[in-house]
Amino acid sequence: MPDTLNKSVAIVGGGPAGLMAAEVLSNAGVQVDVFDAMPSFGRKFLLAGIGGLNITHSEEYTKFCTRYADRQPNLQTTLDLLPPAQLCEWVHGLGIETFVGTSGRVFPKEMKAAPLLRAWLHRLRSKGVRMHVRHRWQGWDAQGQLQFSTQNGSVEYSPTATILALGGASWPKLGSDGAWVPLLRGAGVDVAELESANCGFEVTWSDYLREKFSGSPLKSVTLKFTNEHGRETERPGEMVIGQHGVEGSLIYAFSREIRQRLNAQGSATFTLDLLPGRSVDRVRTEVAGLARSSQSVSSYLKSKLGIAGVKLALLHEVLGKDDFKNTDKLVSTIKALPITVHAARPIDEAISTAGGVRFESMDNNYMLTNKPGTFVAGEMLDWEAPTGGYLLTACFATGMAAGQGVLRWLNDSTTD
Ligand SMILES: Cc1cc2nc3c(=O)[nH]c(=O)nc-3n(C[C@H](O)[C@H](O)[C@H](O)COP(=O)(O)OP(=O)(O)OC[C@H]3O[C@@H](n4cnc5c(N)ncnc54)[C@H](O)[C@@H]3O)c2cc1C
């Protein structure tokens, strides 16, 4: 029997990753203390619940794993610990039913995070997990103890092992503010710059478009983007014209590649097919009739092609008045309207964060090689994924892997 029972583990960060680590450790009989800066746990998880709480995705598992792109090799064994079907079973174990939406995304039946979080915290407490809110981790003191600022002043804590699950830096008012980056860098940990992921991008719109159409959804379009390696991808979907640029699920799906192109070149251009259901020839036949029509351009485009409102305004953004008389130009713009973005929207508006603790900085147990006994998990690691449940799945899975890593390390140190 390993001597882990007289060991204590501090988990800093009471989000999905930290709580999953707490579950693994408390199941093994280890004393766990979870600390969070906020007055309650799981605030970002609760916010995710406002959008329905897309907990994972039901697509074929090999395809699922590719969503982690170039970090798939780093995450594969971790994802295998908690693949989507098993994650759903875990959710069911908390008394929460799930369903698969038409897009293949998996949600709790109630489309909320609160019942799940409540049941989960209750179960953790009943296993003896101690929870400490309003404890903001400030780093390590000269003796290597964890330092927290609390309402009652500074508190030090000296656990056998620590798991940091501090999240990324989006929506900082919910607790994850990325303030840990200089603390870890100061300890010699390699941390990739935190950047916006699943985010909007800035576009210099005309005053007209901004005033009349910001907030307008752009439905049934296909976005085409060529990444910095020359690979062209296209995808149908919906986006939103924002005050500052573009946002919405279709944009988020391309945000990693757009951001990489922006970082390399300072701007990035994608095209939108405004009529993806109609071939170029069909659009050309309709557009050719414009010259013979007595209708105004806008009435004609609306009646023949259904182009009106925000789609028409976008055409006016890139075409001059005379271009509407140029059939070739009008057709090619309807089928491939170029939009150039020049910056990602700020990280505090993003759904998630790219960058973080590099995988090269830790061992297979998720332990920091420069800081033995300190483990890391969740969104604070250097991986990213699109929306669709991939974020939460990897947060839960890395929390589980870090918890198991701590157990292995505790056992190894006991038997040494
Ligand atoms: C609007 C929105 C909707 C989302 N919807 C979905 C969705 O439907 N599906 C999905 O898969 N993902 C979704 N996400 C992303 C998902 O919520 C996050 O990826 C996930 O919560 C990250 O989990 P985590 O445990 O790594 O970090 P977090 O959930 O961010 O938790 C980290 C915790 O650490 C605490 N902390 C930070 N710094 C300190 C410190 N110095 N001291 C003490 N405590 C600290 C924070 O208070 C926080 O409680 C959404 C995100 C947003 C913003």
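Quick caveat: nothing in here was measured; it's all calculated off a predicted structure.

### Observations regarding the overall build of the protein chain
So, point 1. The secondary structure content of the protein chain amounts to 15 helices and 20 strands.
So, point 2. Counting only C-alpha atoms, the protein chain reaches 85 × 40 × 40 Å along its principal axes.
So, point 3. A total of 416 residues make up the protein chain; the buried ones form 51% of that total.
So, point 4. Of the contacts made within the protein chain by residues no fewer than 6 positions apart, 69% connect residues no fewer than 24 positions apart.
So, point 5. A total of about 18300 Å² of accessible surface is found on the protein chain, and carbon and sulfur atoms cover 49% of it.
So, point 6. Computing the positive centroid from 42 side-chain charges and the negative centroid from 42, the protein chain places the two 7 Å apart.

### Structural notes on the site of the ligand
So, point 1. Taken together, 30 residues surround the ligand, and among them Asp 36, Asn 54, Ser 176, Glu 379 and Leu 392 come closest.
So, point 2. Contact with the protein chains covers 94% of the free accessible surface of the ligand, which is 1000 Å².

### A closer look at the side chain of Thr 162
So, point 1. Of note, Thr 162 is situated in strand S10 (residues 161-164).
So, point 2. Judged by its relative accessible area of 5%, Thr 162 is buried.

### Topic: the sheet that holds strand S3 (residues 56-57)
So, point 1. With respect to topology, 3 strands assemble into an open sheet ordered S3-S5-S4, the strand pairing being antiparallel. The strands lining the two open edges of the sheet, one partner per strand, are S3 and strand S4 (98-100).
So, point 2. Inspection of the sheet shows S3 paired to strand S5 (residues 105-108) by 2 bridges, in the antiparallel sense. Paired with Thr 56 across the bridge in S5 is Val 106.

### Describing the sheet that holds S10
The strands that make up a sheet pair up through hydrogen bonds in the backbone, lying either parallel or antiparallel.
So, point 1. Overall, parallel pairing links the 5 strands, which are arranged S6-S2-S1-S10-S20 in an open sheet. Edge positions in the sheet fall to strand S6 (130-132) and strand S20 (374-376), since each of these pairs with one other strand and no more. Strand after strand, the sheet turns through a mean of 20 degrees between neighbouring axes, direction not considered.
So, point 2. As defined by bridge partners, S10 adjoins S20 across 3 bridges and the pair is classed as parallel. In the strand pairing of S20, Leu 164 is matched with Val 376.

### Concerning the packing of aromatic side chains
So, point 1. The tally for this structure, following the rule as stated, stands at 15 aromatic pairs.
So, point 2. Centroid distance Trp 90 to Phe 396: 5.3 Å. Interplanar angle 50 degrees. Geometry classified as tilted. Taken as a pair, Trp 90 in helix H5 (residues 84-93) and Phe 396 in helix H15 (residues 390-415) lie far apart in primary sequence, 306 residues in all.
So, point 3. The exposure class assigned to Trp 90 is buried, which follows from its relative accessible area of 11%.
So, point 4. Ring-pair connections join several aromatic residues into one group, and the members of that group are Tyr 61, Phe 64, Tyr 68, Trp 383 and Tyr 390.
So, point 5. Against the face of Trp 140 rests Lys 371, its NZ or CZ located 4.2 Å from the ring centre.

### Considering the domain arrangement of the protein chain
So, point 1. What the domain assignment reports for the protein chain is domain 1 (8-196 + 354-415) and domain 2 (201-344).
So, point 2. For domain 1 versus domain 2, the separation of C-alpha centres amounts to 39 Å.
So, point 3. Taken together, the contacts link 6 residues of domain 1 with 4 residues of domain 2.
So, point 4. Among the residues of domain 1 in contact with domain 2, Glu 195, Ser 196 and Glu 384 are the three that bury the most area, contributing 56% of the side total.
So, point 5. Taken together, the connections running from domain 1 to domain 2 amount to 3 salt bridges.

### Notes on the pairing of strand S1 (residues 8-12)
So, point 1. Burial within S1 is extensive, with 5 of its 5 residues counted as buried.
So, point 2. Because side chains alternate across S1, one face comprises the buried residues Ser 8, Ala 10 and Val 12, and the other comprises Val 9 and Ile 11, equally buried.
So, point 3. Strand direction decides the pairing type here: S1 and strand S2 (residues 31-35), joined by 5 bridges, are parallel. Pairing of Ile 11 across the sheet is with Val 34, part of S2.
So, point 4. In the sheet, S1 pairs with S10 via 4 bridges, with the strands oriented parallel. Residue pairing in the sheet places Val 12 in a bridge with Leu 164 of S10.

### Observations regarding the pattern of salt bridges
So, point 1. As enumerated under the stated definition, the model contains 21 salt bridges in all.
So, point 2. Among the salt bridges present, the one from Arg 210 reaches Asp 207, with a minimum N-O distance of 2.6 Å. Note that Arg 210 and Asp 207 are positioned in helix H8 (residues 207-213) at a spacing of 3 residues, about one turn of the helix.
So, point 3. Note that Arg 345 and Glu 349 form a salt bridge whose closest N and O atoms lie 2.7 Å from each other.
So, point 4. Overall, Glu 349 belongs to the partly exposed group, its relative accessible area being 43%.
So, point 5. Each of Asp 70, Arg 71, Arg 256 and Asp 382 takes part in one network of salt bridges that share partners.

### Looking at the packing of H5 against helix H6 (residues 114-126)
Angle between the axes and distance between the axes are the two parameters that describe a pair of packed helices.
So, point 1. Contact geometry of H5 with H6 gives a least axis separation of 10 Å together with a crossing angle of 75 degrees. Relative to H6, the element H5 lies roughly perpendicular. Between H5, through Trp 90, Val 91 and Gly 93, and H6, the contact on the second element is made entirely by Leu 116, Trp 120 and Arg 123.
So, point 2. Taken together, the residues of the contact of H5 with H6 break down into 4 nonpolar, 1 polar and 1 charged.

The rules we used
Counting restarts for each chain, with residues numbered from 1 along the sequence as it is written. Residue-level local features of this predicted model are given only where pLDDT is at least 70; pairs of side-chain atoms are given and counted only at 80 or more, and the full residue set underlies all totals for whole chains, interfaces and linings. Excluded from the side-chain calculation are hydrogens and water; included are all heavy atoms of the structure. For helices the rule is a DSSP run of H or I covering at least 4 residues; for strands it is a run of E covering at least 2, with both sets numbered from the N terminus onward. Only protein chains enter the calculation, and the probe is 1.4 Å; a residue is then buried if its accessible area is under 20% of its type maximum, exposed if over 50%, and partly exposed in between. The contact criterion used is simple: two residues touch if any of their non-hydrogen atoms lie within 4.5 Å. Shrake-Rupley sampling with a 1.4 Å probe provides the accessible areas, and residues are treated as covered by the protein chains on show and by no other component. Positive charge is attributed to Lys and Arg, negative charge to Asp and Glu, and no charge count is given to His or to the chain ends. A single reference atom marks each charge: NZ on Lys, CZ on Arg, CG on Asp, CD on Glu. Proximity is defined per residue: if any heavy atom of the residue lies within 4 Å of a molecule or strand, that residue is considered near it. In this analysis, strands are considered paired if DSSP registers two or more bridges between them. A fitted line through C-alpha atoms represents every axis, and for helices the fit uses only the stretch in contact; the resulting angles, taken between N-to-C directions, go from 0 to 180 degrees. Two rings from Phe, Tyr or Trp (for Trp, the six-membered ring) form a pair when their centres are within 6.5 Å of each other. A pair whose planes differ by under 30 degrees is stacked, one over 60 is edge-to-face, and the rest are tilted. We call a charge positioned above a ring when the Lys NZ or Arg CZ atom is no farther than 6 Å from the ring centre and deviates by at most 35 degrees from the ring normal. The split of the chain into domains comes from an automatic or database domain assignment. Put simply, buried area is how much 1.4 Å-probe accessible surface two parts lose in total, over both of them, once they are put together. Counted as salt bridges are all cases of a side-chain nitrogen of Lys or Arg within 4 Å of a carboxyl oxygen of Asp or Glu. Orientation is classified from the angle alone, with under 35 degrees giving roughly parallel, over 145 giving roughly antiparallel, 65 to 115 giving roughly perpendicular, and any other angle giving oblique. Under the scheme applied here, ten amino acids are nonpolar (Ala, Val, Leu, Ile, Met, Phe, Trp, Tyr, Cys and Pro), four are charged (Asp, Glu, Lys and Arg), and all others, including Gly, are polar.

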